[in-house]
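Analysis of the macromolecular model
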Amino acid sequence: MSKAREFIDFWVENSVHPAEQFRAPGASQDEAELTSRLVAAAKEQGISETDLQAEIGEVRSYIRDKLSAANKAESARLAVRVE
């Protein structure tokens with residue numbers, strides 16, 4: 001696994017979270033903000049945006065997909081709890 005891929009996986013696990021339910025303050029759902037955070041954090045680790053794109057394609061689309069997956073998983077988890 002490449003250094004860029006390891007960093008991306010670590011960053012996503014620690015930074016992309018589902019929206020809080022009931023409008024409570026929580027994780028950012030702003031794709032642009034999360035994208036810029038990922039790019040900036042990668043840069044601090046010596047990983048360029050080009051390196052990120054080589055691993056995941058367009059960074060903002062990747063973040064959007066990860067947010068969507070996190071939100072769907074959380075909705076499913078909450079639906080199971082309610083039943």
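Here the structure is a predicted model, which means the values were calculated and not measured. (Residues numbered from 1 in each chain as written. Predicted model: local features only at pLDDT ≥ 70, side-chain atom pairs only at ≥ 80, totals over all residues. Heavy atoms only, no water.)

What to know about the overall build of the protein
Along the protein, the regular secondary structure elements total 4 helices and 0 strands. When the helices and strands of the protein are placed in sequence order, the string is α-α-α-α. Buried positions account for 28% of the 83 residues belonging to the protein. Looking at the protein alone, contacts between residues at least 24 apart form 70% of all its contacts between residues at least 6 apart. Accessible area for the protein stands at about 5600 Å²; split by element, carbon and sulfur atoms hold 51% of it. (Helix = DSSP H or I, 4+ residues; strand = E, 2+ residues; numbered from the N terminus. Buried < 20%, exposed > 50% of the residue type's maximum accessible area, 1.4 Å probe, protein only. Contact = heavy atoms within 4.5 Å. Areas by Shrake-Rupley, 256 points an atom, 1.4 Å probe, with all protein chains shown as cover.)

Focus: the nonpolar core
Residues Phe7, Trp11, Leu38, Leu52, Val59 and Ile63 are the most contacted members of the largest nonpolar core, which totals 18 residues. For this core, the secondary-structure elements that each account for two or more residues are helix H1 (3-15), helix H2 (31-44), helix H3 (49-56) and helix H4 (59-82). (Core = buried A, V, L, I, M, F, W, Y, C linked by side-chain atoms within 4.5 Å.)

Quick word on the side chain of Thr35
With respect to the element layout, Thr35 can be found in helix H2. Within the structure, Thr35 has its side chain in polar contact with the backbone oxygen of Glu31 (distance 2.7 Å). Excluding residues that lie within four positions of it along the chain, Thr35 makes contacts with Val59, Arg60 and Ile63. (Polar contact = N/O pair within 3.5 Å; in protein donor to acceptor, adjacent residues only side chain to side chain.)

Overview of the environment of Asp9
On the secondary structure map, Asp9 appears in helix H1. In contact with Asp9, not counting residues within four places along its chain, are Met1 and Tyr62.

Considering the pattern of salt bridges
Overall, the coordinates contain 5 salt bridges when judged by the stated rule. In this structure, Arg64 engages Glu31 in a salt bridge whose closest nitrogen and oxygen atoms are separated by 3.1 Å. With Arg64 in helix H4 and Glu31 in helix H2, this pair connects stretches of sequence that are 33 residues apart. Across the pair Glu74 and Arg77 runs a salt bridge, and its minimum N-O distance is 2.7 Å. Linking Glu74 with Arg77, this pair stays in helix H4, spanning 3 residues, or about one helical turn. (Salt bridge = Lys/Arg side-chain N within 4 Å of Asp/Glu carboxyl O.)

Observations regarding H1
Taking 1.5 Å of rise per residue, the 13 residues of H1 would be expected to cover 18 Å, and the 18 Å separating its terminal C-alpha atoms lies within 8% of that figure. Along H1, the residues classified as buried are Ala4, Phe7, Ile8, Trp11 and Val12. Taken down its axis, H1 places every buried residue within 125° of arc, on the same side. Facing away from the buried surface of H1 by more than 90 degrees, the exposed residues are Lys3, Phe10 and Glu13. (Expected span 1.5 Å × (residues − 1). Arc of directions from axis to C-beta.)

Bear in mind that shape data such as this cannot, by itself, settle questions of function.
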